[in-house]
Every structure is written in C-alpha cells, then in structure tokens.
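The residues making up each chain are set out below.
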Amino acid sequence: MYQVKIVETKQEHDDAFAIRQKVFVEEQGVPLHLECDAEDATATHFIMYDNVEPVGAARLRSIDGTTAKIERVCILQSQRGKKLGALMMKEMEKHAISINKEILKLHAQSYAIPFYEKLGFTVTSPEFMDAGIPHRAMEKKM
C-alpha cells in the first residue's frame, strides 16, 4: 500500500533525500550541489512509502501568497508505471489547497510534459536547460 506524507522526522527526511539522490544524481547525472540547494531548508518535503520502503519524493515551495512551486518530483525507476507520480502530485495539490494556494508552478523535464498535462498543467515557456536537462515551465490554476 502506497502512502504519501509530509516529511516530519529525520528518517523521513533522509529517505526523501536518498530517493532524490538515486533518481537525479545517480540516474540522471545532476550534480549533487545543484540537486540539494538552499531552497531545501524552507520547502515542504513529501515522501512516498510502499509500506515501509521509500519509493518517491518531492518538495513544495511557497512563492508568494497565492502561488506555490512543485519541485524535485521523483519515483524510483523500479516503481515507475504504477501511477505513483500522479498520486504524489494529487497529495501535493491537496496540501497546496489547504494552505490557500491558487496557482501551482513547476519546471518539467521536457519528456515529462505529457504526464503533467494529464494532471491539468499547461506549458508557459519555451524550452530551457536546467542542470543540462531540457525543461519547460508549466502552471495550473486550482
């Protein structure tokens, strides 16, 4: 059974960062100093467990009074194709609504744009490079 929750303990924090390191640093080649940044200190972090095993992570940052930005959404390679990314996004959206956010923004890796479009996000920028990976800005009004 999969569960998404806001990170509250040191173990949950360590689990979330271990998932991010596996996906972004080891799998995608993002330098660690770019993956872990100053925004981690103030972001709300999310962790997904399959029973007790961590399988996904993400973070949400408040940009201003009505806007939040979803970042670092990742699912372990062995767990992809099970709609877990959509589950993570829905839980993050619920949290954003609970803290009165009206607009969600994100920077999607270009290959993932169809995934985010299915969740109601629209592309708002031309393609740009981030950590050597093509991205596009996207947005969703809640």
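Note on numbering: residues in each chain are counted from 1, in written sequence order. Thresholds applied to this predicted model are a pLDDT of at least 70 for local features of residues and 80 or more for the giving and counting of side-chain atom pairs; totals over whole chains, interfaces and linings are not thresholded and use all residues. To get the side-chain values, all heavy atoms of the structure are used, and hydrogens and water are removed first.

Under an unreviewed UniProt entry, the protein chain has the name GNAT family N-acetyltransferase and belongs to Lysinibacillus fusiformis.

> So what exactly am I meant to see when it comes to the packing of aromatic side chains here?
Each pair of aromatic rings is reported with the distance of its centres and the angle of its planes. Two aromatic rings, drawn from Phe, Tyr or Trp (for Trp, its six-membered ring), form a pair once their centres lie within 6.5 Å of each other, and the interplanar angle then sorts them: stacked below 30 degrees, edge-to-face above 60, tilted otherwise. Applying the stated criterion across every chain yields a total of two aromatic pairs. Their ring planes at 75° and their centres at 4.8 Å tell us that F115 and Y116 sit as a pair that is edge-to-face. A residue is classified by how much of its surface remains accessible, and F115, at 30% relative accessible area, is partly exposed. Exposure classes here rest on a 1.4 Å probe applied to the protein chains alone. A residue is buried below 20% of its type maximum, exposed above 50%, and partly exposed in between. You can call Y116 buried: its relative accessible area is 9%. Lying over the aromatic face of F17, R20 brings its terminal NZ or CZ to 4.5 Å of the ring centre. Note on criteria: charge over ring means Lys NZ or Arg CZ within 6 Å of the ring centre, with the direction from the centre no more than 35 degrees off the ring normal.

> How should I be thinking about the side chain of Q79 in this particular structure?
Here Q79 lies in the loop between β4 (67-75) and α3 (84-98). Take Q79: its relative accessible area is 11%, and that puts it in the buried class. Whenever two N or O atoms come within 3.5 Å, that pair is a polar contact, provided that in protein one can donate a hydrogen and the other can accept it, and provided that, for residues adjacent in sequence, both atoms are side-chain atoms. Looking at Q79, its side chain comes within polar contact range of the side chain of K82, at 3.1 Å. The criterion used for residue contact is that any of the two residues' heavy atoms lie within 4.5 Å. With residues near it in sequence (within four places) discarded, Q79 still touches Y2, D50, V55 and L84. Counting from the N terminus, the helices are DSSP H or I runs at least four residues long and the strands are E runs at least two residues long.

> Looking at this structure, how should I read the UniProt feature "domain: N-acetyltransferase" (unreviewed entry) in the protein chain?
UniProt positions are given in the numbering used here, feature names are shortened, and annotations may be inferred rather than shown by experiment. UniProt feature "domain: N-acetyltransferase" (unreviewed entry): in the numbering of this structure it lies at residues 4-142. As annotated, residues 4-142 comprises 31% helix and 36% strand, and the C-alpha atoms at either end are separated by 20 Å.

> In this structure, what is going on with α3? I would like to understand it.
In an α-helix, one turn spans 3.6 residues, which is why side chains three or four residues apart end up on the same side. Relative to the 21 Å expected for 15 residues at 1.5 Å per residue, α3 spans 21 Å between its end C-alpha atoms, a close match to the ideal helical length. For α3, every residue scored as buried is listed here: L84, G85, A86, M88, M89, M92, E93, H95 and A96. Positive backbone phi, at 65°, marks N100, one or two positions downstream of α3. Any helix carries an expected span of 1.5 Å times its number of residues minus one.

> How should I be thinking about the side chain of E71 in this particular structure?
As for its position among the elements, E71 is in strand β4. Of note is the side chain of E71, whose polar atom sits 2.7 Å from the side chain of R59. Separated by 2.7 Å, the side chains of E71 and R61 make a polar contact. Setting aside chain neighbours within four positions, we find E71 in contact with A58, R59 and R61.

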